[in-house]
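# A structural walkthrough
Here's the letter readout for the chains.
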Amino acid sequence: MKNLFAFALGSLLRRGAKNLFIFVIFFLMVFVLASVFMVTHALKKEMFTTLSALPQITVQRIVAGRQTQIGVERVERIARILGVSQALPRVWGFYYFPRAGVNYSIVGLESFGQQYRADLQKAADLYVEKLAAEDVMIVGPGVKKSLAEHFYPESFLFVKPDGSLKKVRIAGVFKPQTVLESNDLILMENSLVREIFGMDESMATDIVVRVPNKEEIPTVARKIREIYPDTRVITREDLRISYQNVFDYKSGIFLALFIVAVFTFFIILYDKASGLSSEEKREIGILKALGWKIGDIMRVKFFEAAVISLTAYLLAVTTALAYVFMAQAPLLKHLFTGFSVLKPSFALSFSVDVGTLALIFFVTVPVYIAATLIPSWKAATLDADEVIR
Amino acid sequence: MQKEGLNMVEVKGVSKVFNAGRPNEMTALEDVSFAVGEGELVILKGPSGSGKSTLLSLIAALQKPTRGEVVVANEPVSRFSEDFAALYRRRKIGFVFQKFNLIPSLSVYENIITPLLPEKLDEEALKERAQRVMETFAIAHKANEPARNLSGGEQQRTAIARALVNDPPIILADEPTANLDADLSHAFLSYVGQMKEEGKTVIIATHDPLFFDLAITDREIALRNGKMEGA
Amino acid sequence: MTLLSPEVIAVLMLDGILFFFASLAFLLSLRIVLRWDERATTPLQYTLQKQAYLVATVIAFIFYLKLPLFLFFIYTLDLLSNILPGAMCAAGVTTATVYGMPLFGLKIANLYLFGLWLAAHRIDMGYPTMPYTRVKFLAYLLLFPLFVAEEALELLHFFGINPHVIVSCCGTLFSAAKSSAVSAFVSLPLPVTLGSFYGLFGLAVWAWRKQRPLLSALANLLFVPVAILSLIAFFSTYVYEMPHHHCPFCLLQADYRFVGYLMYAFLFFGTFFGMAVWLAKRMGYEGWRKWLLFSLIGDFLYVALVSYYPIAFYLKNGVWL
C-alpha cells in the first residue's frame, strides 16, 4: 500500500503539466467557495453578536402595511403586562446625507432615563450633562470621519422636514462592542431627534420591552398583539431565525450556482481523465503484464485523485483563511455588505468552525474523486496483452 | 525429448478465436497442446502472425483461451479471475517483452521494482532484491538513470532484471532480440543459459534463427497459422 | 417553505451523486446476475468480469462516503435545530416530519448492509474463481431498493420540514411520560434495561470464548438496538449529569466533548465485525477468528466507555441519579 502510494506520487509528478492544470482549477474553485463561506460565517457571527444586544421584544405600529410612529402612551399599558420588567419608547431613524451619499442611523437617548442597551446606557451616563444641556451628538467613528471629509469637523447642519437648518455639535465619538452596527451611528437627546425628524412629542418610533424570563416571551408578545391589534410584535427569536434564513438562503443560492460550476469542471476533469495518452495506456499494460491487479491500478489512480484533491483543498482553505481574515477579503466583502461607504469599514473577526470546513470538504473532494472513478476503472481494465503485441 | 518429472506448463487443446461470430473473425490458435517440464528451455518458433505472442499471453493468463485450458504447476490458470491471474503473473512469471517495454520516465531501479510494488515489502527488502538482480545483470551503476537515457544493451539488461526480480520459476520472452544487434543478441543468449542453470523454465517466442537448434534447448515448437507443425 | 441551507444542499447534492452511482451499479449488477457464467470465455463474460470491478468500486465509494456523510447529516440536523423553534438538537429536527425516525433507522441499517456487502466481496475476491459473484450481485439488487428508500425519505424529510411549526426537544421526546416505543423502553425498570444490555455483551464475550460466529452475529444484532435504547434510557443521563435528560444526539455536541462520536464509532466497529464474522465463517474465510476478536474489542470499548460515566458519577457523588 505504502509502495503504491509512493508510485502514485511519482506518477503525479511525472505527468506534472496535466496534473498542475487540474490542481490549479480545483484549487481556485475551493478557494472561492471557502472564502465565501468564511465571509458569510464571520458576518453571521457578527450579526448574532449584534442581535444578542437587541431588545427581547420590539413593538411597531403598522398602518396600511407600513411601519409608522407609535404613541408613547402605550408604553405604560405594556409595562403593566405580567412578566414585563420594562418598556421603553425609542426614537430613531435614518438620515440621508446626500453629499457623502450615505445614511446615518440617528438614535435618541432619554437623558437621566433608563436605556434599553448597556452600551447606550454607558454612553448616556458619560455624556448625560452635555446631551441634556445643549444640542450635541455622539457619533460613531465612521460618521466622524465622513463628516470631517465634508468639512464638518466640529458640528453638522441637519436639514429639518420643513427645510430649516439645525446645527448640532459633535461632543464625542462612540465606541461600542460591535463595529458593524455602530460605525454609522449618531446618538442624541430624544427631543433633538424628534426635532430633526419633525416628530410629535407624544410619538416614538417603536417600543422595546424587556422580559426577564425567556419562557414568557411568546406569551407577552401574544398579549401585546391582543391589546393593540394594529401593532407588529417582533421577538428576538423571530429575528434570529429570519436572519439565519436570509444567510442560509443567500449562501444556499450561491452554493447552488457553485455546484453548477463544479459539475462543469468535473465534466472537463472526467474528459481529461478518460482521455489516456498512448504512453499512459502502454504503462498500464506493462504494469498489468507484470502482475498488477486491476485493484492495484485503481488504487494508484485513487491515490492520485486523493492527493490532488486533498492538497488543493488544504492549500485553498489556508489561502482563503489568509485572504479573508488577514487581508480582510478585498472585493468579496463588498458583495455581502453592499457598497455603502460607511457600512463596510468593519473588520471580519476570525471565526471558523469545523462544520464550515466539513461543508467545503463535502461539496468538493468527494465530487472530485467521484469524477475520477469511472475513468480509473476504464484505465485499469484496459487489455494488457496489447503491450506484448 | 521431454524430461521426466513435473510438468510446469501444460497447454491442453487450446484454441483462441478473436471476434468470434463477426465478419472479422480470426482464429489465432487452433487446438494447440504441449507440455513443458520444470527447468526446460522451449523455443516457440514461427513467422510473425503465427500465434506465438497469443500463446505466450495465454500462458501468462493475460488472455483466456476460447477452448482448452492452460495449467501451470497443476493450477488451471486459464480459469483464474483477473485478480488471481495477476497474482499468478506476479509470483510465477517473469516477462521479457519485445522492445523491453520499460517505463521511460522511471529510473532503472524504479522500473525493476515495479513488479514488487503491490506486495507488502518494506524499502529494505525492495532495495535488496533489486540490488541482487542489478548486480547479476551489471546494471547497478545506472540504478538512478531514467530508462529513456539507456542504451539498447542497458535496456535489455534492465528488462531482464525486472523479469527476474520476483524470482519467478517461469520466464516468458517475446521476440527478445527483435530490436537488438548481433552482439546484444548473443549476450541475451548467454543470459538465457544463466537462467536455465538457475533451474528456471524458459519459453522464448522468436523467429530469430539465432535460437534455432541450440544445444541448451530442450525442445522447439513450430507454429504456423495457429497450428502446431507436425501435429 | 423549504429549507435552503448550504448544508442541506450539500447533503442533497451528494445524495444525487450517490444515487447516480448506485443506479449504475444496479443496472450492471442486474446484467451480471442474469448473464454471469464463470466457465464461459465469451467476450460478454469478459466484459462482465470487468464491470464487476466497477460495481464493487462504486459500492465501496458509496460506503466510504456514507460513513462520514452520516456524521455530517447529524451535524446538519443539529444546525437546523437552530432554525426550528423548539428544537434543541438533532432529535427535534428528526421528528419534525414523520419520515425522520424511519430515515434514521434506515440510514443505520444501510451502513451495516453496505459494509457487510463489502466484507463479503473482500472474501470472495480471495478465491481464484470468485464463486460468490452471482450471490453477491443478487444481494446488491436487494440492497438497492433500501438505498433508494433512504434517499426518498431524506428528500421527503428535508422538504417536509416546516420551519414555522414548533417541534419537540429531546427532553420531551425521550421522556418516560410520552407514549412511544422509545419512551416505553425508557420507562422499563432499570434492572431489565441494564440486564439485557450487559447480558447481551456477556453473550458476545461468550461467543468469542467458544468461537461461535452465529451466536456472535445474533448477540451483536440485538446489541445494536439495546445499546442505543439503554444509552437513551440510562447512560446518557450520566453523561449529561441530569436525571431527565435522555438523548442520543446531544452527546455529539461540543458541550460533551463530542464523546458521542467515539461511542458510536466503537459500537459500530464492534457490532459490525460481530455480524460480519458469521458471513466470513459461512464463506469459508480463514481470518474470521480475527474478526471475532475485532468485534470483542469494539464491543468492550463501547461498554467500558458508557459504563465509565455512571461509575465515575457514583464514585464522585456517592449516589446514583
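Residues numbered from 1 in each chain as written. Chains lettered and ligands numbered in written order. Predicted model: local features only at pLDDT ≥ 70, side-chain atom pairs only at ≥ 80, totals over all residues. Heavy atoms only, no water.

## A few points about the overall build of chain C
When helices and strands are tallied, chain C shows 11 helices and zero strands. Overall, chain C shows an N-to-C arrangement of helices and strands of α-α-α-α-α-α-α-α-α-α-α. What you see for chain C is a C-alpha radius of gyration of 22 Å, in line with the 20 Å of a compact globule of 321 residues. When burial is assessed residue by residue, chain C has 55% of its 321 residues classed as buried. Long-range pairs, those at least 24 residues apart, make up 74% of the contacts in chain C between residues at least 6 apart in sequence. Per element, the accessible surface of chain C, about 13800 Å² overall, is 71% carbon and sulfur. One finds the centroid of the 19 positive side-chain charges in chain C at a distance of 12 Å from the centroid of its 13 negative side-chain charges. (Helix = DSSP H or I, 4+ residues; strand = E, 2+ residues; numbered from the N terminus. Rg over C-alpha atoms; globule rule 2.2 N^0.38 Å. Buried < 20%, exposed > 50% of the residue type's maximum accessible area, 1.4 Å probe, protein only. Contact = heavy atoms within 4.5 Å. Areas by Shrake-Rupley, 256 points an atom, 1.4 Å probe, with all protein chains shown as cover. Lys, Arg positive; Asp, Glu negative; His and termini not counted. Charge placed at Lys NZ, Arg CZ, Asp CG, Glu CD.)

## Let's talk about the domain arrangement of chain A
Once the domains are mapped, chain A shows domain 1 (2–50 + 242–388) and domain 2 (57–234). Domain 1 of chain A and domain 2 of chain A are separated by 48 Å when their C-alpha centres are compared. (Domains from an automatic or database assignment.)

## Concerning the environment of I221 of chain B
All names here are of chain B. Note on placement: I221 falls in strand 8 (residues 219–224). As for I221 and D167, which are separated by 54 residues in sequence, their C-alpha atoms are 26 Å apart. Sequence-distant contacts of I221, that is, excluding residues within four places in its chain, are made with F34, V42, I43, L44, K45 and M228.

## Details of the interface of chain A and chain C
Contact with chain A, which involves 32 residues of that partner, is made by 27 residues of chain C. Here chain A packs against chain C, burying approximately 2600 Å² in sum over the two surfaces, 80% of which is carbon and sulfur. The largest contributions to the chain A side of the interface with chain C come from F362, L373 and W377 of chain A, which together make up 23% of the buried area. Linking D383 of chain A and K50 of chain C is a salt bridge whose minimum nitrogen-to-oxygen distance equals 3.3 Å. Summed over the shared surface of chain A and chain C, the result is four residue pairs in polar contact (both at pLDDT 80 or more). (Buried area = accessible area lost by both parts, 1.4 Å probe. Salt bridge = Lys/Arg side-chain N within 4 Å of Asp/Glu carboxyl O. Polar contact = N/O pair within 3.5 Å; in protein donor to acceptor, adjacent residues only side chain to side chain.)

## So, the pairing of strand 4 (residues 86–90) of chain A
Residues and elements named next belong to chain A. For strand 4, a buried count of four out of five residues is recorded, marking the element as mostly surrounded by other parts of the structure. In this sheet, strand 12 (residues 206–210) lies alongside strand 4 in antiparallel orientation, the contact comprising five bridges. Bridge assignment links L88 to a residue of strand 12, and that residue is V208. (Pairing = 2+ DSSP bridges.)

## Observations concerning the interface of chain C and chain B
By convention, interface size is frequently given as the accessible area that disappears when the constituent parts associate. Counting from both sides, the interface comprises 11 residues of chain C and, opposite them, 10 residues of chain B. Both sides together, the interface formed by chain C and chain B hides about 980 Å², and carbon and sulfur atoms give 53% of it. Summed over the three residues of chain C that lose the most area to chain B, namely T41, Y53 and P128 of chain C, the buried surface amounts to 45% of that side. Among the elements that make up the side of chain C that touches chain B, the one with the highest residue count is helix 2 (residues 43–80) of chain C (four residues). Of the residues contributing to the side of chain C that touches chain B, the split by class is six nonpolar, four polar and one charged. (Nonpolar A, V, L, I, M, F, W, Y, C, P; charged D, E, K, R; others polar.)

## Some points on the sheet that holds strand 6 (residues 102–109) of chain A
Sheet strands pair via backbone hydrogen bonds, and the direction of the pair is either parallel or antiparallel. Residues and elements named next belong to chain A. Read from one edge of the open sheet, six strands run 5-6-10-7-9-8, paired in mixed fashion. The open sheet is flanked by strand 5 (92–97) and strand 8 (155–159), the only strands paired with a single partner. The sheet shows a mean angle of 35° between the axes of neighbouring strands, taken without regard to direction. Across four bridges, the pairing between strand 7 (residues 136–139) and strand 9 (residues 165–173) is parallel. (Axes fitted to C-alpha atoms, helices over the stretch in contact; angles between N-to-C directions.)

## Section: the packing of helix 9 (residues 213–240) of chain C against helix 11 (residues 288–317) of chain C
All names here are of chain C. Orientation of helix 9 relative to helix 11, taken along the N-to-C sense of each, is 20°, at an axis distance of 11 Å. In terms of axis orientation, helix 9 runs roughly parallel to helix 11. Helix 9 and helix 11 meet at a crossing whose hand is left-handed. Contacts between helix 9 and helix 11 involve P213, S216, N220, F223, A227, L231, F234, F235, Y238 and V239 on the former and, on the latter, W288, L292, S295, D299, Y302, V303, V306, S307, Y309, P310 and F313. Looking at the contact of helix 9 with helix 11 residue by residue, the classes come out as 16 nonpolar, four polar and one charged. (Parallel < 35°, antiparallel > 145°, perpendicular 65-115°, else oblique. Left-handed = near helix turned anticlockwise from the far one by under 90°.)

## Brief notes about the domain arrangement of chain C
All names here are of chain C. Entries for chain C in the domain assignment read domain 1 (1–168) and domain 2 (176–321). Summarising the inter-unit geometry, the C-alpha centres of domain 1 and domain 2 are found 25 Å apart. If you look at the interface, domain 1 gives 22 residues, while domain 2 gives 20 residues. Surface buried jointly by domain 1 and domain 2 totals about 1800 Å² across both partners, of which 78% is contributed by carbon and sulfur atoms.

## Describing the sheet that holds strand 2 (residues 26–37) of chain B
Residue and element names in this part refer to chain B. Overall, antiparallel pairing links the three strands, which are arranged 2-1-4 in an open sheet. With partners counted over all chains shown, the strands left at the sheet margins are strand 2 and strand 4 (67–72), one partner each. Pairwise comparison of adjacent strand axes, ignoring direction, gives a mean angle of 15° for this sheet. When strand 1 (residues 7–18) meets strand 4, the two strands line up antiparallel, connected through five bridges. Bridge pairing links S15 to R67 in strand 4.

## A look at the pairing of strand 12 of chain A
All names here are of chain A. Most of strand 12 sits out of view: four of its five residues are buried. By the bridge criterion, three bridges tie strand 1 (residues 57–63) to strand 12 in an arrangement that is antiparallel. Bridging across to strand 12, T58 finds its partner in V208.

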